[in-house]
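A closer look at the structure
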Amino acid sequence: MNAPIKVAVTGAAGNIGYALLFRIASGDCFGKDQPVILQLLEITPALKALEGVVMELNDAAFPLLHGIETSDDANVAFDGAQQVFLVGSKPRGPGMLRSDLVRTNGPIFTGQGRGLNRAASDVRVVVVGNPCNTNALIAMHSAPDIPNDRFTAMTRLDQNRAISQLAGKLGKTAGSITNMGIWGNHGPSMFADYFHARCDGTPVAELLEESWLKETFLPTVSKRGKAIINARGKSSAASAASAAIDHMATWWNGTAEGEWASMAVPSKGEYGVPEGLIFSYPVTVKDGEYTVVEGLEHGAFSQEKIAATIQELSEEREAVSDLLG
Ligand code: NAX
């Protein structure tokens with residue numbers, strides 16, 4: 001059995017936290033031979049609810065769970081943390097614009113970024129709380145002691161949603177679909193690149209009508225979060241937690257030969273994206289390091305989509321420029 005690793009989760013008493021913590025503690029993320037110590041961060045008014053979640057985690061008697069700490073102080077929750085899930089943030093209220101959300105949640109991530117300077121030297125961070133790409137950007141700028149490439153944001157849920165739609169249409173299971181890359185923002189402009197996706201090795205663009213891919217598939221994937229709220233009365237939680245597990249498990253274990261995963265990572269200018277934006281690309285992962293897949297060709301339609309998502313992320317960066325000092 002390995003030595004325990006410290007895993008920090010923010011927003012731990014929230015909807016996603018409730019699904020996520022049990023999966024981490026059961027070994028779904030870091031493996032069945034990897035014990036974990038959970039370090040949970042919440043705002044002060046939610047600490048009571050978090051106590052109940054901790055009771056339930058204890059009652060599940062997970063053999064891999066070697067300890068739980070709770071705090072409302074980021075310096076405590078992130079102390080020595082090796083794997084960090086930044087889930088906590090304020091949800092978008094009625095009538096609130098995306099730009100308002102960027103401004104409302106931005107300051108949370110300056111404080112948490114500063115706290116992350118106390119994390120372990122091998123820390124790896126995924127931001128789930130929305131707007132996740134720009135929140136990751138803010139946290140990265142607030143944590144100068146941590147290499148930039150340790151900050152990522154989650155577009156794996158978009159990837160999983162895209163895979164599920166393609167598999168359903170083709171009468172296959174999700175495991176048949178590979179190379180499904182999400183480009184850009186986890187936001188309305190996100191581009192699910194079906195041109196490079198494959199079903200049992202065959203490009204899906206050769207198997208499905210272009211009209212369905214453009215007019216049904218793309219909008220279904222990008223509006224899926226809203227459809228779930230309409231049906232369930234609450235936003236996606238278990239699927240979001242599952243995607244966060246997939247994201248960190250891929251970073252921990254690597255990608256299979258020939259396969260990609262979508263991760264929003266600090267751009268080094270690949271594919272003409274402005275340097276420093278937290279941009280989702282298809283990546284491969286080996287030995288805990290990710291590499292953007294290079295050399296993919298994009299036609300005019302894809303280039304237009306990628307330009308639009310660059311624009312959206314650039315505007316978000318501009319809106320929080322005072323937090324990036
Ligand atoms: P909830 O509102 O259920 O939970 C959020 C939790 O965060 C609450 O318990 C709250 O007390 C806590 N919190 C707020 N400010 C905090 C702070 N400064 N420090 C620590 N904790 C804090 O939301 P939930 O459904 O769990 O969603 C969490 C976030 O994930 C939201 O921002 C949501 O928009 C985002 N999502 C991101 C997705 C993605 O694909 N990247 C998909 C799902 C989800 O919409």
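Since the model is a prediction, treat every value here as computed from it, not as a measurement.

Attention now moves to the sheet that holds strand 7 (residues 177-178). Spatial ordering of the open sheet is given by 7-10-11, a layout of three strands whose pairing is antiparallel. Each end of this open sheet is capped by a strand with a single partner; those strands are strand 7 and strand 11 (202-203).

For the ligand, the set of nearby residues contains 24 residues, the closest of which are Asn15, Ile16, Glu42, Ser89 and Asn130. In this structure, an oxygen atom belonging to the ligand sits 2.9 Å away from a main-chain N or O atom of Asn15. Between Met154 and the ligand, the recorded distance is 3.4 Å, taken from a backbone N or O atom to a nitrogen atom. Protein contact buries 84% of the 870 Å² of open area that the ligand shows by itself. Counting residues per element, the ones that place at least two in the shell around the ligand are helix 1 (15-26) and helix 4 (98-116). Mapping the shell around the ligand onto the domain boundaries places at least three of its residues in each of domain 1 (5-153) and domain 2 (156-318).

Turning our eyes to something else, we now look at the pairing of strand 3 (residues 65-71). Bridge count for strand 2 (residues 36-41) against strand 3 is five bridges, and the pairing is parallel. Directly across from Leu40, in strand 3, lies its bridge partner Thr70.

Glancing now at the state of the cysteines. As enumerated under the stated definition, the model contains zero disulfides in all. Of all cysteine sulfurs in the structure, the one in Cys29 sits closest to Cys132, which takes part in no disulfide; the separation is 17 Å.

Viewed as axis vectors pointing N to C, helix 1 and helix 9 (residues 238-253) meet at an angle of 40 degrees, and their least axial separation amounts to 8 Å. Judged by the inter-axis angle, helix 1 sits oblique to helix 9. Crossing handedness for the pair helix 1 and helix 9: right-handed. Contacts between helix 1 and helix 9 involve Ile16, Ala19, Leu20, Arg23 and Ile24 from the first element and Ala238, Ala240, Ala241, Ser242, Ala244 and Ile245 from the second.

On to helix 2 (residues 47-59), then. An ideal rise of 1.5 Å per residue puts 18 Å on 13 residues; helix 2 measures up with 18 Å between its terminal C-alpha atoms. Listed as buried for helix 2 are Leu50, Val53, Val54 and Leu57. For helix 2, the angular spread of buried residues about the axis comes to 105 degrees, placing them on one side. Projecting away from the buried face of helix 2 at angles above 90 degrees are the exposed residues Lys48, Met55 and Asp59. Of the residues trailing helix 2, Ala61 is marked for its positive phi of about 50 degrees.

Here the focus is the pairing of strand 12 (residues 261-266). Of all six residues making up strand 12, six are buried, and the element is well covered by its neighbours. The pairing of strand 12 with strand 13 (residues 278-286) spans six bridges and is antiparallel. Paired with Ala264 across the bridge in strand 13 is Ser280.

Along its sequence, the protein is organised into domain 1 (5-153) and domain 2 (156-318). For domain 1 and domain 2, the distance between their C-alpha centres works out to 23 Å. Listed by partner, the interface residues are 34 residues for domain 1 and 34 residues for domain 2. Looking only at domain 1, the three residues that lose the most surface to domain 2 are Arg98, Arg124 and Asn133, adding up to 22% of its buried area.

Attention now moves to the side chain of Asp158. If you trace the backbone, Asp158 turns up in helix 6 (residues 156-170). Given the relative accessible area of 2%, Asp158 is considered buried. Leaving out residues up to four positions away in the same chain, Asp158 has contacts with Ile182, His186, Met190 and Val221.

Within helix 1, burial applies to Ile16, Gly17, Leu20, Leu21, Ile24 and Ala25. The buried residues of helix 1 all sit within an arc of 135 degrees when viewed along its axis, so they share a single face. Those residues of helix 1 that are buried lie in contact with strand 1 (5-10), strand 2, helix 2, strand 3, strand 4 (83-86) and helix 9.

Turning next to the environment of Leu21. Within the secondary structure, Leu21 is located in helix 1. Taking the C-alpha atoms as reference points, Leu21 and Leu166, 145 residues apart in sequence, are found 29 Å from one another. Not counting the four nearest positions on each side in its chain, Leu21 is found in contact with Val9, Ala12, Leu38, Leu40, Val53 and Leu57.

In this section: unusual backbone geometry. Here the amide bond leading from Asn130 into Pro131 is cis, since omega sits at -5 degrees, within 30 degrees of zero. Along the chain, the position of Pro131 falls in the loop between strand 5 (124-127) and helix 5 (132-142). Of note, Asp200 is a non-glycine position whose phi angle comes to about 45 degrees, a positive value. Its place among the elements puts Asp200 in the loop between strand 10 (198-199) and strand 11. In the Ramachandran plot, Tyr271 falls in the positive-phi region, its phi being about 55 degrees despite a non-glycine side chain. Structurally, the position occupied by Tyr271 is in the loop between strand 12 and strand 13. You can call Tyr271 partly exposed: its relative accessible area is 25%.

Criteria and thresholds
Residues numbered from 1 in each chain as written. Predicted model: local features only at pLDDT ≥ 70, side-chain atom pairs only at ≥ 80, totals over all residues. Heavy atoms only, no water. Pairing = 2+ DSSP bridges. Helix = DSSP H or I, 4+ residues; strand = E, 2+ residues; numbered from the N terminus. Near = heavy atom within 4 Å. Polar contact = N/O pair within 3.5 Å; in protein donor to acceptor, adjacent residues only side chain to side chain. Areas by Shrake-Rupley, 256 points an atom, 1.4 Å probe, with all protein chains shown as cover. Domains from an automatic or database assignment. Disulfide = S-S within 2.5 Å. Axes fitted to C-alpha atoms, helices over the stretch in contact; angles between N-to-C directions. Parallel < 35°, antiparallel > 145°, perpendicular 65-115°, else oblique. Left-handed = near helix turned anticlockwise from the far one by under 90°. Contact = heavy atoms within 4.5 Å. Expected span 1.5 Å × (residues − 1). Buried < 20%, exposed > 50% of the residue type's maximum accessible area, 1.4 Å probe, protein only. Arc of directions from axis to C-beta. Buried area = accessible area lost by both parts, 1.4 Å probe.

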